[in-house]
Amino acid sequence: MNGQLLSYDLCFFELLSAKTRIIMWFNQWNSKSIQPVPLLKHNPAVMKSFFVLVFLLAHSLTAAAMERPNIVFIHMEDMGVQIPAYDDRTVATPNLDQLAADGIIFERAHVSAASCASSRGTLFSGLYPHQNGIMGFVQQHGFYYRDGTPTFIKDLKAAGYYTGLTYKNGVESSHYKTPPVPFDFKPKYTENWLKGLTGKQASKSKGNPPLVSYAVDNFQYFLENLEEGQPFYFQAQTPDSHHVWDRPHFIRDGETDWPYPEVDDSRIKFTPGWGDALIPTGALLEKVSQYYRAIQRVDWYVGRILNLLEEHGHADNTLVVFSSDHGPSHLLRGKTTPNELGLRVPFIVRWPGQIKEPGTRSDALVSFVDLYPTFVDVAGLEIPAHLPGHSILPALNGEDSVRKHLYSAFVAHTTGVHQYWPSRTVTDGRWKLIHHVFGDGKRNRYVGKNKAIFSLNKQIDSMPDNALARRLRHRSEVPPAFELYDLKNDPHEHHNLFGATEYLEIEQRLSTRLKDWRRQVADPFLDETFVQRFNRVYHENYELWKSRGGSKMNDKNLLDFSEFIPNWDPTDYVRQKDQ
C-alpha cells in the first residue's frame with residue numbers, strides 16, 4: 001500500500017512542514033481539480049481515514065494561520081548605538097531598556113551600506129546593493145531595484161499579511177511599473193489618518209507638524225482598522241535622529257509621558273564615533289546634545305508603539321525588532337563611511353515565549369541581509385534560495401549562529417563625487433578589515449572641505465597639529481586602500497593595524513575571506529574594466545546633474561545607470577550563503 005501511495009504522488013507526510021503547498025493542494029482537492037486516486041476510491045476504510053487526516057490537517061493549518069505571529073519593525077533613521085543598552089548612559093531610555101529586558105540585545109549588527117537607500121534596499125530584498133541595483137540614492141539620483149527583484153513585503157502579502165509603515169520606504173522610484181514594496185497602508189509624512197488629516201486636509205498641517213506624534217496616531221489607526229485575526233507586518237518609523245537633530249516640534253504639546261528631562265551636557269564624554277580623540281565643547285557639544293535629545297524622542301516613540309500593541313491585544317503574538325538604517329550623519333566617520341559609527345546599529349528583539357532567556361545579550365552577528373529570511377521564517381514561509389542571509393530565529397533560542405562574518409558593500413550616496421566612494425568590509429566581530437577601492441591616493445574622497453558639521457571641523461582646527469583627531473580626519477578625507485582594526489581593544493577605530501607584522505596572519509585571513517565573499521556575491525567592482533566604465537558613467541551623470549540644478553533638479557529620470565542594473569536574475573546567487 002505504501003508503494004502505491006507513493007506511486008500516486010500522495011507523499012502527504014513529507015509535506016507536513018510545507019504549509020503553503022499543503023493549503024494549495026487541499027484547495028485544489030476541494031475544487032475537484034484533483035480526483036481521488038483508485039486506492040482511495042475503491043477502499044472505503046482508507047478513504048475514510050484519509051479524509052479524517054485531511055480534515056484534521058486543514059483544521060490545524062487554519063488554527064495556525066489564525067495564530068501566525070505579527071511583526072513590528074521599529075526602524076529608526078541615522079541612529080547609532082548611543083543608548084544605555086549599548087553602555088552609553090548619556091541619556092536614559094526607559095522604553096528601550098524595558099524592550100531589552102523583555103527580549104535580547106544583539107551586540108553586533110551591521111547594515112549592508114551606511115546609506116539610507118542602499119540599506120533599505122537590502123532590508124526589503126535581502127540582497128547587497130550591487131546585487132539588487134540600489135547602489136546609491138533613488139529618484140533623481142538614478143538608482144533603482146533591478147526589474148523583478150523579490151521583496152519580503154510581497155511574500156508576506158501573498159501569505160495573507162496586512163502591511164503598513166510610517167514615514168518612508170526609501171526605495172521609491174518612478175522607474176517601477178509596479179511598486180516592489182507594495183505596502184497596504186502608507187500615509188504620507190504629513191498625514192494623520194487617525195485625526196482625518198489626509199489628502200488635501202493634510203496640507204493644513206504643513207510647516208512644523210509633530211511627525212513623531214503623527215506616526216503614533218497612524219499606527220493606532222492601522223491597528224484599529226485591522227480585520228479580526230489578520231496577521232500584520234508594520235514598519236514603525238520616524239525621522240527623529242536624522243540630521244538636523246534640533247526639532248522639538250516632532251512631539252505634540254501635551255503628549256503623555258513627555259517631556260523627558262533636558263540632556264545633561266556634563267554627561268557627554270565623547271563625540272559619537274570619535275571616542276576620546278574628540279571630546280566635544282562649545283558649538284560641537286551643543287550639536288551632540290541635540291543628537292541625544294533626538295534619541296529621547298525615539299525612546300518616547302518606542303514606548304507608545306509598545307503600549308499600542310498591548311492595548312490592542314497584540315503584544316504576546318508579535319515579534320518586535322528595534323534597529324536603524326545606519327549610524328548618525330554629519331560626524332565625518334559615520335553615515336556613508338565603512339566605519340563602525342556608520343555600519344553598526346542597535347538591534348534589540350522581543351518575542352514573548354520565543355526567546356530562551358529574555359534580558360540577555362547575544363554575540364551572534366546580525367546583518368541586514370538576514371532580515372528578509374528572518375521575517376519569512378517567522379511567518380512560516382520558505383526562505384528563498386537566492387538570499388545570502390540567514391534567519392536569526394535559532395539565535396533567539398541560544399543556538400550557535402551560522403553566520404561567522406559581517407560584510408558591507410557601499411558604492412554611493414546621493415549624487416556628488418565625494419558621495420561616490422566604493423568600499424567593502426568584513427569583520428568576524430572582533431577584527432575588521434576595510435577596503436577602499438579608490439584608496440592609497442588614487443583620488444581624495446573630498447575635493448576641498450569635507451562635509452562634516454562646521455562645529456566639528458572648527459574644534460579639530462583648534463587642536464595641535466599632532467592631535468589624534470586631526471589624523472583621523474585626514475584618514476577620512478584621504479583613506480588608505482586598507483584598514484585593519486581590533487574592535488575589542490579599539491572600538492572607535494583609532495589605530496590602523498594593516499601592514500603591521502604582528503597582525504599579518506589576521507590581515508591575510510580577513511583579506512582572503514573578503515575576496516572569497518566578493519566572488520561569491522558576484523561583486524562587479526572586482527573587475528577593473530567595470531570600475532573604469534562605472535567611473536566614466538558616474539562622472540558623466542554627475543556633470544549632467546550639476547548642469548540641471550543639482551539637488552533642485554526636477555527630472556527624476558534624467559540620470560541613467562541602467563547598463564549596470566540588469567533585469568533580476570537569481571542564477572549567480574542561488575545557495576551562495578554568507579559564511
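Please read these numbers as outputs of a predicted model, since none were measured by experiment.

**Q** An account of the pattern of salt bridges is requested, with residue identities and associated values reported.
**A** Counted according to the given criterion, the structure contains 25 salt bridges. Two residues, D325 and R120, come together in a salt bridge whose shortest N-O distance is 3.4 Å. Of this pair, D325 sits in the loop between β5 (318–324) and α11 (340–343) while R120 sits in helix α6 (residues 116–125), placing them 205 residues apart in sequence. By relative accessible area, which is 0% here, D325 ends up buried. Across the pair R519 and D516 runs a salt bridge whose closest N-O atoms are separated by 2.6 Å. Of this pair, R519 and D516 both sit in helix α16 (residues 504–520), separated by 3 residues, roughly a single helical turn. When salt bridges that share partners are traced, they join R108, E340, K432 and E493 into one network.

**Q** I'd like a rundown of helix α5 (residues 94–102), residues and numbers included.
**A** Those residues of α5 that fall on the buried side of the exposure criterion are L96, L99 and A100. One side of α5 holds all its buried residues, which, seen down the axis, span an arc of 95 degrees. Looking at the buried positions of α5, the neighbouring elements they touch are β2 (104–110), α10 (282–311), β5 and β7 (348–350).

**Q** Go over the confidence of the model for the protein with me, naming the residues and quoting the values.
**A** The pLDDT averaged across the protein works out to 90; a share of 88% of its residues lies at or above 70. The low-confidence segment residues 1–41 (pLDDT under 50) makes 43 contacts with residues lying over four places distant or belonging to another chain. Below pLDDT 50 for its whole length, residues 57–66 participates in 8 contacts with residues either more than four positions away or in separate chains.

**Q** I'd love a proper account of the pairing of β5, names of residues and values included.
**A** The buried fraction of β5 is high, at 7 of 7 residues. Every second residue of β5 is oriented toward a common face, with T318, V320, F322 and S324 on one face and L319, V321 and S323 on the other, all of them buried. Pairing of β5 with β7 involves 3 bridges; the strand directions are antiparallel. Counterpart to V321 in the pairing with β7 is V349.

**Q** Before we move on, could you go through the environment of Q459 and cite the residues and values that matter?
**A** Along the chain, Q459 turns up in helix α14 (residues 454–461). Counting along the chain gives 177 residues from Q459 to G282, while the straight-line C-alpha distance between them is 8.5 Å. Residues contacting Q459, with those up to four places away along its chain left out, are L278, I279, P280, T281 and L284.

**Q** With reference to specific residues and values, describe the packing of α5 against α10.
**A** At their nearest, the axes of α5 and α10 sit 7 Å apart, and the two run at 55 degrees to each other. Between α5 and α10, the angle is such that the two are oblique. For the pair α5 and α10, the contacting residues are P94, N95, L96 and L99 in the first and D299, W300, V302, G303 and L306 in the second. By residue class, the composition of the contact of α5 with α10 is 6 nonpolar, 2 polar and 1 charged.

**Q** Tell me about the sheet that holds strand β12 (residues 482–486), and please be specific about residues and values.
**A** In space, the 4 strands of this open sheet follow the order β9-β10-β11-β12, with antiparallel pairing throughout. For this open sheet the edge positions go to β9 (406–412) and β12, each flanked by a neighbour on one side alone. When the angles between neighbouring strand axes are averaged without regard to direction, this sheet yields 15 degrees. Bridge count for strand β10 (residues 420–427) against strand β11 (residues 431–436) is 5 bridges, and the pairing is antiparallel. Bridge pairing in β11 places T425 opposite I434.

**Q** Just give me the short version of unusual backbone geometry, but keep the residues and values in it.
**A** Note that the residue after H243, namely V244, is joined by a cis bond; omega there is 20 degrees. By secondary structure assignment, the location of V244 is in the loop between β4 (232–236) and α10. With omega at 15 degrees, the peptide bond leading from W258 into P259 counts as cis. By secondary structure assignment, the location of P259 is in the loop between β4 and α10. Here the phi dihedral of D257 falls at roughly 70 degrees; this positive angle occurs in a residue that is not glycine. With respect to the helices, strands and loops of the structure, D257 is situated in the loop between β4 and α10. If you check the backbone angles, R575 has positive phi at about 60 degrees while not being a glycine.

Rules and cut-offs
Within each chain, residue numbers correspond to sequence positions counted from 1 in written order. Local features are withheld for residues below a pLDDT of 70 in this predicted model, meaning they are given only at 70 or higher, and side-chain atom pairs are given and counted only at 80 or more; totals for whole chains, interfaces and linings count all residues. Values shown for side chains rest on all heavy atoms present in the structure; no hydrogens or waters enter the calculation. Salt bridge, as used here, is a side-chain nitrogen of Lys or Arg placed within 4 Å of a carboxyl oxygen of Asp or Glu. Put simply, DSSP marks the helices as runs of H or I at least four residues long and the strands as runs of E at least two long, and each gets a number from the N terminus on. Burial classes: relative accessible area under 20% of the type maximum marks a residue as buried, over 50% as exposed, and values in between as partly exposed (1.4 Å probe, protein chains only). As used here, the arc belongs to the directions running from the helix axis to the C-beta atoms. Should any heavy atoms of two residues lie within 4.5 Å, those residues are considered in contact. What pLDDT expresses is the predictor's confidence in each residue, scored from 0 to 100. A strand pair is defined by DSSP finding two or more bridges across the two strands. For helices, the fitted axis covers only the stretch in contact; all axes are lines through C-alpha atoms, and the angles between them, taken along N-to-C directions, range from 0 to 180 degrees. Every angle not falling under 35 degrees, over 145, or within 65 to 115 is termed oblique; those three ranges are roughly parallel, roughly antiparallel and roughly perpendicular. Residues are grouped as follows: Ala, Val, Leu, Ile, Met, Phe, Trp, Tyr, Cys and Pro are nonpolar; Asp, Glu, Lys and Arg are charged; all remaining types, including Gly, are polar.

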